[in-house]
Amino acid sequence: MTPAVGAGAYAPKAIFFDFDGVLAESVAIKEQVFRELFRPYGDDIVEQVIRLHRELGAISRVIKIERIHRDLLGRPLDQDELAEWAERYATTVERQVVGCPEVPGTTALLADMMARAILFVVSGTPEDEMRRIVHARGWDRYFTAVFGSPRLKPAIVRAALAEHGLDAGNCLFVGDTFTDHDAAKATGMPFVGRRVDFRPNPFPPGTLIVEDMAELAGLLRAAA
């Protein structure tokens, strides 16, 4: 684990959590669904799809699907086709994400922190779908709000900071991709990264990294 990056990382007034790979072990599920959707186009295309999926990080699957068809398949989708592909993806993913294991320590961390900080989900998943997933997992009672696409994460964070009168320097963003790190940087917020084992470390040197939410909980309890 690398050194801490600011007091806000230890005693936050609010915590903004990405979802996939941070609270739920759902990263592999989403990669597998992309593999299945594009398998008819051949193994080479599938591997390019996965590379693009990882390169784009935690942003909307609509943007990813649009880019895959435009840049990799050379066949841009119209709005109806794009909606159909996004629905195919969502139908497969939602059920699996509801039932997948949590990142170790997640429920305990949320239960402990809800009395000491305002908690948010900030995801690239469509907002209605993200709220259904959080509710189905029984986690909605822990969060003041659950946010998702189509808004981008920096815009979501800035709006939440303003609405709740929060100083970004006294909050914390927890994510597993470079887009999460960039959202924290863009809003002036301390960041903690959770590295998913089967992916390369996406964070710059000096980033505070935890193995799971149990480790993060230990840091936060020590500060309290």
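Look a little higher up for the structure.
Thoughts on the packing of helix H1 (residues 27-38) against helix H4 (residues 79-99)
Packed helix pairs are specified by the crossing angle of their axes together with the interaxial distance, meaning the distance between the axes.
Working step 1: Direction vectors running N to C along H1 and H4 enclose 140°, while the axes themselves pass 10 Å from each other. Taken together, H1 and H4 sit at an angle that is classed as oblique. As H1 runs across H4, the sense of the crossing is right-handed. Facing H1, whose interface residues are Ile29, Lys30, Val33, Phe34, Glu36, Leu37 and Phe38, H4 presents Trp85, Arg88, Tyr89, Thr92, Val93, Gln96 and Val97.
Working step 2: Of the residues contributing to the contact of H1 with H4, the split by class is 9 nonpolar, 2 polar and 3 charged.

Some details on the side chain of Thr125
Working step 1: Structurally, the position occupied by Thr125 is in strand E2 (residues 118-126).
Working step 2: Exposure remark for Thr125: the relative accessible area of 4% places this residue in the buried category.
Working step 3: Of note is the side chain of Thr125, whose polar atom sits 2.9 Å from the side chain of Lys30.

Considering the pairing of strand E4 (residues 171-175)
Working step 1: Among the 5 residues in E4, 5 count as buried, and that is most of the element.
Working step 2: Residues Cys171, Phe173 and Gly175 line one face of E4 and the alternating positions Leu172 and Val174 line the opposite face, and both faces are buried.
Working step 3: Sheet topology note: the strand E1 (residues 14-17)/E4 ladder contains 4 bridges and is parallel. Counted as the bridge partner of Ile15 is Leu172 from E4.

What counts, and at which threshold
- Here, residues in each chain are numbered from 1, in the same order as that chain's written sequence.
- This being a predicted model, a pLDDT of at least 70 is required before a residue's local features are given, and a value of 80 or more before pairs of side-chain atoms are given or counted; all residues contribute to the totals for chains, interfaces and linings.
- To obtain the side-chain values, all non-hydrogen atoms of the structure were included, while hydrogens and water were left out.
- In this description, a line fitted to the C-alpha atoms serves as the axis of each element, helices being fitted only across the stretch in contact, and the angle between N-to-C directions of two axes falls anywhere from 0 to 180 degrees.
- Segments assigned H or I by DSSP are reported as helices when at least four residues long, segments assigned E as strands when at least two residues long, and all are numbered from the N terminus.
- In this scheme, roughly parallel covers angles under 35 degrees and roughly antiparallel covers those over 145, while 65 to 115 is roughly perpendicular and the rest are oblique.
- The handedness criterion is simple: a crossing whose near helix is rotated anticlockwise from the far helix by less than a right angle is left-handed, and one whose near helix is rotated clockwise is right-handed.
- By the convention used here, residues are in contact when the closest approach between their heavy atoms is within 4.5 Å.
- Each residue is assigned to one class: nonpolar for Ala, Val, Leu, Ile, Met, Phe, Trp, Tyr, Cys and Pro, charged for Asp, Glu, Lys and Arg, and polar for all the others, Gly among them.
- Any residue under 20% of the maximum accessible area for its type is buried, any over 50% is exposed, and the rest in between are partly exposed; the area is computed with a 1.4 Å probe on protein chains only.
- Here a polar contact is recorded for every N or O atom pair within 3.5 Å, except that within protein the pair must consist of a potential hydrogen donor and a potential acceptor, and residues adjacent in sequence are included only if both atoms are side-chain atoms.
- DSSP-based pairing: two strands are paired if at least 2 bridges between them are found.

All quantities given are derived from atomic positions and should not be read as evidence of function.
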